[in-house]
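What the coordinates show
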Amino acid sequence: EKAPVTVAVTGGAGQICYSLLFRIASGALLGPDTPVRLRILEITPALGAAQGVAMELDDCAFPLLRGIDISDDAATAFDGANVALLVGSRPRTKGMERGDLLSANGAIFTGQGRALAEAAADDLRVLVVGNPANTNCLIAMNNAAGVPAERFSAMTRLDHNRAVAQLAQKAGAQVSDVSRLTIWGNHSATQYPDISHAVVDGRPAVDVVDRPWVESDFIPTVQKRGAAIIEARGSSSAASAANAAIDHVRTWLTGTPQDSWTSMAVVSDGSYGVPEGLVSSFPVTTRDGEWEIVQGLDVDEFSRARIDATVAELADERDAVQGMGLLG
Ligand code: NAI
């Protein structure tokens with residue numbers, strides 16, 4: 001039997017984890033042959049609720065699940081972690097300014113970055129889901145001394161999956177027939193879902209769907225999908241976010257299909273004019289736990305303006321947290 005993999009998850013008592021933890025324990029994250037140990041981090045007042053989730057995990061009798069530990073101390077929760085899913089964060093509450101949000105999360109992600117560096121396993125891979133995901137990831141990455149920056153990522157896979165589904169529906173195709181779609185920039189309403197290189201059933205997407213639909217329907221629908229789910233469901237997209245987290249890590253560890261790519265927010269090397277060091281979503285290929293930004297794609301004027309706008313927002317957020325001294 002394979003050695004168990006340790007997966008640390010924060011925000012274990014929250015909505016996303018109520019779906020995510022069960023998927024991980026069932027084998028959806030690491031495959032059907034890999035036993036898993038769960039280590040859950042929660043804030044002290046939510047420890048009881050996290051215990052309740054652990055009781056339900058027990059009650060599933062998952063054959064692959066080799067233990068559940070719960071803690072309110074980050075270094076304890078991250079001990080030996082091979083994969084860390086940072087889901088918990090401080091949500092924006094009424095009357096909260098953006099600066100308040102960034103500083104409240106700064107306190108969380110500086111501490112978690114340090115704790116990962118101190119306690120996690122050498123092969124650590126980190127996915128930040130908690131919003132503002134790109135900037136929380138930037139903070140954790142900059143505070144995790146000794147952990148390579150390439151081990152950190154933030155989630156735009158939900159946006160990617162949403163875009164794939166919208167395009168497939170419009171084209172009358174299957175989602176499995178859509179490839180080479182890209183989410184650029186920030187996981188926020190400024191993100192740019194880009195179909196200019198996408199392929200649908202062997203044909204360029206731009207020949208399959210019309211430009212007005214892309215500009216006035218597709219792009220805003222993907223950008224505002226989170227708000228539309230809240231409006232319809234009365235609470236935020238939790239199951240689809242959990243599913244995207246599974247997809248993100250699984251793709252990172254097992255690889256993208258030949259001739260296609262995924263979208264992941266990773267540290268920029270300056271590709272496509274995105275300033276070095278920002279955590280931005282890019283078209284990315286993966287293999288055996290390593291990622292690479294797809295190079296050499298043409299960026300037309302329309303795409304350039306949209307990439308620049310979302311990247312400007314990321315640079316603003318970085319400047320704000322740098323000004324607060326959160327980048328070490
Ligand atoms: P939730 O509010 O139901 O759960 C969050 C949990 O995190 C709570 O149980 C809370 O106690 C915990 N938490 C807060 N601070 C913590 C800390 N310092 N350490 C450990 N745990 C802590 O929220 P939900 O629905 O589970 O969403 C979680 C986050 O994911 C939110 O920030 C949300 O905006 C974000 N999100 C991101 C998406 C993406 O595509 N990147 C998609 C959907 C949600």
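Parameters and conventions
- Residues numbered from 1 in each chain as written.
- Predicted model: local features only at pLDDT ≥ 70, side-chain atom pairs only at ≥ 80, totals over all residues.
- Buried ≥ 20, exposed ≤ 12 C-beta atoms within 10 Å, placed from the backbone.
- Helix = DSSP H or I, 4+ residues; strand = E, 2+ residues; numbered from the N terminus.
- Pairing = 2+ DSSP bridges.
- Domains from an automatic or database assignment.
- Contact = placed C-beta atoms within 7 Å.
- Nonpolar A, V, L, I, M, F, W, Y, C, P; charged D, E, K, R; others polar.
- UniProt positions renumbered as here; feature names shortened; annotations may be inferred.
- Near = placed C-beta within 6 Å.

Some points on helix α5 (residues 133-143)
For the α-helix, the turn length of 3.6 residues means that residues three or four positions removed from each other point alike. Extensive coverage of α5 is indicated by the burial of 11 of its 11 residues. Residues of α5 that are buried: Ala-133, Asn-134, Thr-135, Asn-136, Cys-137, Leu-138, Ile-139, Ala-140, Met-141, Asn-142 and Asn-143.

Focus: the sheet that holds strand β10 (residues 199-200)
The strand order across the open sheet built from 3 strands is β7-β10-β11, with neighbouring strands paired in antiparallel fashion. Unpaired on one side and paired on the other, β7 (178-179) and β11 (203-204) mark the two borders of the sheet. Strand direction decides the pairing type here: β7 and β10, joined by 2 bridges, are antiparallel. Following the sheet pairing, Val-178 is matched in β10 by Val-200.

Remarks on the domain arrangement of the chain
Per the domain assignment, the segments making up the chain are domain 1 (5-154) and domain 2 (157-317). Of note, the centres of domain 1 and domain 2, computed from C-alpha atoms alone, are 23 Å apart. Contact with domain 1, which involves 26 residues of that partner, is made by 23 residues of domain 2. Those elements that provide at least two residues to the side of domain 1 that touches domain 2 are α1 (15-26), β4 (83-86), β5 (125-128), α5 and β6 (152-154). Across the side of domain 1 that touches domain 2, the residue classes break down as 18 nonpolar, 5 polar and 3 charged.

Thoughts on unusual backbone geometry
The peptide bond linking Asn-131 to Pro-132 adopts the cis configuration, its omega dihedral lying at -10°. Of note, the phi angle at Asp-259 is positive, near 65°, even though the residue is not glycine. We classify Asp-259 as exposed; it has 9 C-beta atoms within 10 Å. Its identity as a non-glycine residue notwithstanding, Asp-288 has a phi of 50°, on the positive side.

A closer look at the UniProt feature "binding site: NAD(+)" (unreviewed entry) in the chain
The feature "binding site: NAD(+)" (unreviewed entry), as given by UniProt, occupies Gly-11, Gly-12, Ala-13, Gly-14, Gln-15, Ile-16, Cys-17, Asn-105, Gln-112, Val-129, Gly-130 and Asn-131 in the numbering adopted here. With respect to the secondary-structure elements, Ala-13 resides in the loop between β1 (5-10) and α1. The exposure class assigned to Ala-13 is buried, which follows from the 22 C-beta atoms found within 10 Å. Ignoring anything within four residues of it in the chain, the contact list for Ala-13 reads Glu-42, Ala-46, Ala-49, Ala-50 and Val-53. Among the structural elements, Val-129 can be located in the loop between β5 and α5. Apart from the residues within four sequence positions on either side, Val-129 is in contact with Ile-16, Leu-85, Leu-86, Val-87, Met-155, Ala-241 and Ala-245.

Description of the site of the ligand
Near the ligand, the surroundings consist of 28 residues, among which Gly-11, Gly-14, Gln-15, Ile-16 and Gly-88 are the closest. Looking at the shell around the ligand element by element, the count peaks at 3 residues for α1. By residue class, the composition of the shell around the ligand is 15 nonpolar, 11 polar and 2 charged. Two domains each provide a minimum of three residues to the shell around the ligand, namely domain 1 (5-154) and domain 2 (157-317).

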